[in-house]
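Per-entry structural report
For reference, the chains in residue letters:
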Amino acid sequence: MNVTSPRSDMLLVARRELRIVWRSGGAITGLLLMAAVAWLPALLLPLRAGAFGVASFAELLPLTIAAEGVVLPLVALLFGAEMLAGEVEDGSLLSVITLPLARASCYLGKLTGRVIALAAAQVTVFGLVAVVVGSARGQDGLGSYVLVQAFALILSVACVAVGAALAAGGRGRVHAYVGSLLTWLVLVFVVDALLLGVIVAVAPAAPTEVGAHGHSELSEVMPMGEASGLGPTGELTISRTGAWMLTLDPVDLFRLGALSASSLAAVSPGGAVGRAVGAGVRESALPLAAGWFAWLVLPVLVGLRRFRSLPLR
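Every value quoted in this text rests on a predicted model; they were computed, and no experiment measured them. (Residues numbered from 1 in each chain as written. Predicted model: local features only at pLDDT ≥ 70, side-chain atom pairs only at ≥ 80, totals over all residues. Heavy atoms only, no water.)

Secondary structure summary: the protein contains twelve helices and zero strands in total. Start at the N end of the protein and walk to the C end: the helices and strands fall as α-α-α-α-α-α-α-α-α-α-α-α. For the protein, the residues scored as buried account for 42% of the 313 residues in total. Pairs at least 24 apart in sequence give 79% of the contacts found in the protein among residues at least 6 apart. Summed over all atoms, the accessible surface of the protein reaches about 16,200 Å², with 70% contributed by carbon and sulfur. (Helix = DSSP H or I, 4+ residues; strand = E, 2+ residues; numbered from the N terminus. Buried < 20%, exposed > 50% of the residue type's maximum accessible area, 1.4 Å probe, protein only. Contact = heavy atoms within 4.5 Å. Areas by Shrake-Rupley, 256 points an atom, 1.4 Å probe, with all protein chains shown as cover.)

The following block contains the structure:
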C-alpha cells in the first residue's frame, strides 16, 4: 500500500486545480479585466494630451493604484469563490473529498492551485506593461511600479483566500458569487469610506498661516510635519494610529503599502524629503506586516474549518 505525504497530496490537488482553471471560461474573463486594469492607464493618459503612445511610470502609477484597488479585489474574490462553489454545484467535489487524503490537503491544494494561476496571470500582464513602458519611456519610476505590483499581488492572494472561505460552506455558485459581491462592496466602498472618514476627522488641521510671514517661516514649519499633519511636500500624512486602522481593510492596506513604497522609491534617500518619507515608511512597516499576515492567514484558517465540516452528499 502506497502512503503519500500531505505535501504530495497538496501538489496533486493543486495540479488538478490548475487544469480546471485552464479549462474555465471565467478565468478568461478575469484575465481580460486584469489586462484592462494594466493597460488602460498606460494607453489612455497620452490620449488626454492628444498624443499616441504609452504613459511613463510616474504618469500611470496613481491611476493604476486607484483602478487596482477596485477591480483586483472583485476578480480575486470571484476567482476564489469559484474554487469550491463550481465543484459543489456540479457534484465533482465529492469524488475528491472521498479520496484517502486529508481535507486540509484537499483545501490547501486547491487554494495553492488558484493562487499559482492568479499570480502567473498577474505577473505576466503587469510585467508586460512594465517591459513596454520601460522600453518606450525609460526606466525612471520602474522601482515604484514593481513595488506597487508586489502589494497588488498580495491583495489579490488575500482576496482569493477570502473568496474561498466564503464558498467553503458548501453552497453553490449563486450563493458564493452573491457573498463575494457583497464582500467586495463592503471592503472597497463601505469600510473604505468609514476608515478614511475617521482618519480625516481625527487628523490635525493643516496650518492656515504658513508662509504669511515670509519664506523663512517654512523652514520652521516643515520639520513639524507629524504634528501639523503635513508631509514634507505638503501632503496629508497618516499617523501610526491611522496606519493601524487601515489594517482592517485589505484594500486600504494595499493603498497604504503602494503609496509608501512608491514614495520611498521615488525620492533620494540622502535628502531631507527622502529622510522624511523614509521615516513615514518605517512608521507604517509594522502595521503593514501585521495587517497582511492577518489577511493572508485568517481567511485560510476560516476556510479550512468550514471545509472540514462540509457534509458529504
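For the rest of this paragraph, the subject is a nonpolar patch on the surface. On the surface, a cluster of nonpolar side chains totalling about 710 Å² of accessible area is made up of V174, V178, L182, L185, V186, F189, V190 and L194. Here L185 lies in helix α7 (residues 173-202). (Patch = residues over 30% accessible without salt bridge, like charges linked within 9 Å, V, L, I, M, F, W, Y side chains within 5 Å. Salt bridge = Lys/Arg side-chain N within 4 Å of Asp/Glu carboxyl O.)

A few words now on the pattern of salt bridges. Taken as a whole and judged by the stated rule, the model has nine salt bridges. Measuring nitrogen to oxygen at the nearest pair gives 2.7 Å for the salt bridge that ties E17 to R114. Here E17, found in helix α1 (residues 6-23), pairs with R114, found in helix α5 (residues 103-137); they are 97 residues apart in sequence, far enough to count as distant. Each member of the pair, E17 as well as R114, is classed as buried. Close ionic contact of E82 with R173 constitutes a salt bridge, the shortest N to O distance being 3.6 Å. One end of the pair, E82, is in helix α3 (residues 57-90); the other, R173, is in helix α7, with 91 residues separating them in the sequence. The buried category is assigned to E82, whose relative accessible area is 17%. Residue R173 is classed as partly exposed on the basis of its relative accessible area, which comes to 22%.

Below, the discussion takes up the packing of aromatic side chains. Where two aromatic rings form a pair, the distance of their centres and the angle of their planes describe that pair. A full pass over the atoms with the stated rule returns three aromatic pairs. Residues W184 and F189 carry aromatic rings whose centres are separated by 5.4 Å and whose planes lie at 85° to one another, so their mutual orientation is edge-to-face. In this structure, R103 is placed above the aromatic ring of F307, and the distance from its NZ or CZ to the ring centre is 6.0 Å. When the ring centre of F79 is taken as origin, the NZ or CZ atom of R114, which lies over that ring, is 4.6 Å away. (Phe/Tyr/Trp six-rings, centres within 6.5 Å; stacked < 30°, edge-to-face > 60°. Lys NZ or Arg CZ within 6 Å of the ring centre and 35° of its normal.)

Looking at where I116 falls in the secondary structure, it is placed in helix α5. Classification of I116 by relative accessible area gives partly exposed; the value is 42%.

Turning our attention to the packing of helix α2 (residues 25-48) against α3. A packed helix pair is summarised by two numbers, namely the angle formed by the two axes and the spacing between the axes. Running from N to C, α2 and α3 cross one another at 165°; their axes reach a closest spacing of 9 Å. Between α2 and α3, the angle falls in the class roughly antiparallel. Relative to α3, α2 is oriented so that their crossing is right-handed. Within the contact between the two elements, α2 uses G30, L33, M34, V37, P41, A42 and L45 and α3 uses E59, L60, L63, T64, A67, E68, V71, L72 and V75. (Axes fitted to C-alpha atoms, helices over the stretch in contact; angles between N-to-C directions. Parallel < 35°, antiparallel > 145°, perpendicular 65-115°, else oblique. Left-handed = near helix turned anticlockwise from the far one by under 90°.)

This part takes up the environment of S284. Structurally, the position occupied by S284 is in helix α12 (residues 272-308). Separated by 24 residues in sequence, S284 and S260 place their C-alpha atoms 8.0 Å apart. Among all residues touching S284, those that are not within four sequence positions of it are A243, L256 and S260.

A few words on the packing of helix α6 (residues 142-167) against α7. α7 packs onto α6 with a crossing angle of 135° between their chain directions and a minimal axis gap of 9 Å. Relative to α7, the element α6 lies oblique. For α6 against α7, the interelement crossing comes out right-handed. Where α6 abuts α7, its residues V162, L166 and A167 lie against A176, G179, S180 and T183. The residue inventory of the contact of α6 with α7, partitioned by class, reads four nonpolar, three polar and no charged. (Nonpolar A, V, L, I, M, F, W, Y, C, P; charged D, E, K, R; others polar.)

For the rest of this paragraph, the subject is the environment of V174. Structurally, V174 is set in helix α7. In this structure V174 comes out as exposed when scored by relative accessible area, which is 58%. Remark: the alpha-carbon pair of V174 and E89, spanning 85 residues in sequence, is separated by 9.5 Å.

What follows covers the side chain of Q149. Considering the arrangement of structural elements, one finds Q149 in helix α6. Using a relative accessible area of 12% as the deciding quantity, one classes Q149 as buried. Apart from residues lying up to four places away in sequence, Q149 is in contact with T64, E68 and F126.

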